[in-house]
Amino acid sequence: MNKKIGSTENTKKILENNNFFIKKKFGQNFLIDQNILNNIVDNAEIDNETDVIEIGPGLGSLTEIIASRAKRVLCYEIDSDLIPILNNNLNDFNNINILNQDILKSNVVEDIKKYFPDSKKVYLIANLPYYITTPIILSLLEQTTSIRRYVMMMQLEVADRICSKPDVKDYNALSIAIQYRAKATKVMTISSNVFIPKPGVDSAVIRLDLYNEIEEKANDEEFFFKLIRNSFAQRRKTLVNNLTNAGINKNKVIEVLNELKLDLSIRSEALSVLDFVRLSNLLSK
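The shown structure was predicted, so the numbers you read here are calculated from the model rather than taken from an experiment.

Conventions adopted
- Residues numbered from 1 in each chain as written.
- Predicted model: local features only at pLDDT ≥ 70, side-chain atom pairs only at ≥ 80, totals over all residues.
- Heavy atoms only, no water.
- Phe/Tyr/Trp six-rings, centres within 6.5 Å; stacked < 30°, edge-to-face > 60°.
- Helix = DSSP H or I, 4+ residues; strand = E, 2+ residues; numbered from the N terminus.
- Buried < 20%, exposed > 50% of the residue type's maximum accessible area, 1.4 Å probe, protein only.
- 1 Å grid on protein atoms, 1.4 Å probe; cavity = no way out; pocket = protein on both sides within 12 Å on 5 of 7 lines; lining within 4 Å.
- Points joined across faces, edges and corners; volume = space filled by probe spheres on them.
- Nonpolar A, V, L, I, M, F, W, Y, C, P; charged D, E, K, R; others polar.
- Arc of directions from axis to C-beta.
- Contact = heavy atoms within 4.5 Å.
- Pairing = 2+ DSSP bridges.
- Axes fitted to C-alpha atoms, helices over the stretch in contact; angles between N-to-C directions.

What's the story with the packing of aromatic side chains in this structure? I'm lost.
Two aromatic rings are characterised by how far apart their centres lie and by the angle between their planes. Considering all chains together, one arrives at 5 aromatic pairs under this definition. Here Y171 and F232 contribute two aromatic rings whose centre-to-centre distance is 6.3 Å and whose plane-to-plane angle is 75°, an arrangement assigned as edge-to-face. Here Y171 is found in the loop between helix 7 (156-163) and helix 8 (173-179), whereas its partner F232 is found in the loop between helix 9 (221-231) and helix 10 (239-245), with 61 residues between them in sequence. For the pair formed by Y171 and F232, the shared burial category is buried. Taking the centre distance of 5.9 Å and the plane angle of 85° together, the rings of Y180 and F225 count as edge-to-face. Residue Y180 is found in the loop between helix 8 and strand 7 (182-190), and its partner F225 is found in helix 9; the two are separated by 45 residues along the sequence. There is no split in this pair, since Y180 and F225 are both buried. Aromatic ring contacts, followed pair by pair, group Y171, F232 and F276 into a single cluster.

In structure tokens:
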């Protein structure tokens, strides 16, 4: 049943036969390495009881591998020109639903209920459009806890940021926002040479596993996420200066840092996720 849509020869043939022109506005880069496609799905560790969401299936090269192993697959594809191509490429499968929708405008919670009734586990596997990687991840993490695992390909720089730890230059508000809810692991780095067209950057695959219970919860999550954004507003400034510039009373910030036994000259990148949760809980009182 596996047609190996993602092989170099088949990808070129499909694009040619359908007179398909790659659209930069949708960040379209088609992966043409069958081993990497298989490795992405391997790292998701899915089985025939797993329901999978895929964003941006493109020509269906990743989709066919997912569908051959998963219970059901729900794809979100924004480009209407790709829908007939996908339907044709994946016509051997009866466990795939393809929605011609923008994932950022979709009600994923309702879609999970509709397409995956009585689901035992829902994972997400995707080659994300690089220009909207961060909004997609943050939006889904905010919308639902039903998706327990995310295996996603993205720009290497963004992957490094998401998986980064304190005191590393890549560590920032995005690292904390995601690691607050999930364990983040970089699975593999991918050269730009295995795509049509070749992107200007290398890529990486990361895996997020949602925590069953968050170690220490922020009492006011809206305040917490705003706090971490403000804390990294200017990296060269101290945490005290960044938060004061954001309108938080300086004396209050100093008082809380003393209570947490943190140095008053500390910079934001030195704080752990737990430090930020505790800082947020004390400042939001």
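Help me out: how do you make sense of empty space enclosed by the protein in this one?
Summed over the entire model, instances satisfying the criterion amount to 1 cavity of 30 Å³ or more. As for the largest cavity, its lining consists of 31 residues, of which I55, G56, P57, G58 and N127 are closest to the centre. Put simply, the parts of the chain that give the lining of the largest cavity at least two residues each are strand 1 (30-31), helix 2 (34-44), strand 2 (50-55) and helix 3 (61-69). For the lining of the largest cavity, the class distribution of residues is 20 nonpolar, 8 polar and 3 charged.

Help me out: how do you make sense of helix 5 (residues 108-115) in this one?
Given 3.6 residues to a turn, an α-helix orients residues that are three or four positions apart in the same direction. For helix 5, the full list of buried residues reads V108, D111, I112 and Y115. Buried residues of helix 5, viewed axially, fall in a sector of 105°; they line one side. Facing away from the buried side of helix 5, by more than 90 degrees, are the exposed residues K113 and K114. Those residues of helix 5 that are buried are in contact with strand 2, strand 3 (72-76), strand 4 (96-99), strand 5 (121-127), helix 6 (133-143) and strand 6 (147-155).

What's the story with the side chain of D51 in this structure? I'm lost.
Topologically, D51 is positioned in strand 2. With a relative accessible area of 0%, D51 lands in the buried category. Setting aside residues up to four positions removed in sequence, D51 forms contacts with K71, R72, F116, S119, K121, V122 and Y123.

Hey, could you run me through the sheet that holds strand 7 in this one?
Think of a sheet as strands paired side by side through backbone hydrogen bonds, with each pair either parallel or antiparallel. Pairing is mixed across the open sheet formed by 7 strands, whose spatial order is 4-3-2-5-6-9-7. Strands at the two margins of the open sheet, each flanked by one partner only, are strand 4 and strand 7. Between one strand axis and the next, the sheet turns by 15° as a mean value, whatever way the strands run. Its contacts with the sheet place helix 2 against strand 5, strand 6, strand 7 and strand 9 (203-210), and it is angled at close to 165° to strand 7.

Take it as geometry only, folks, not as evidence of what the structure does.
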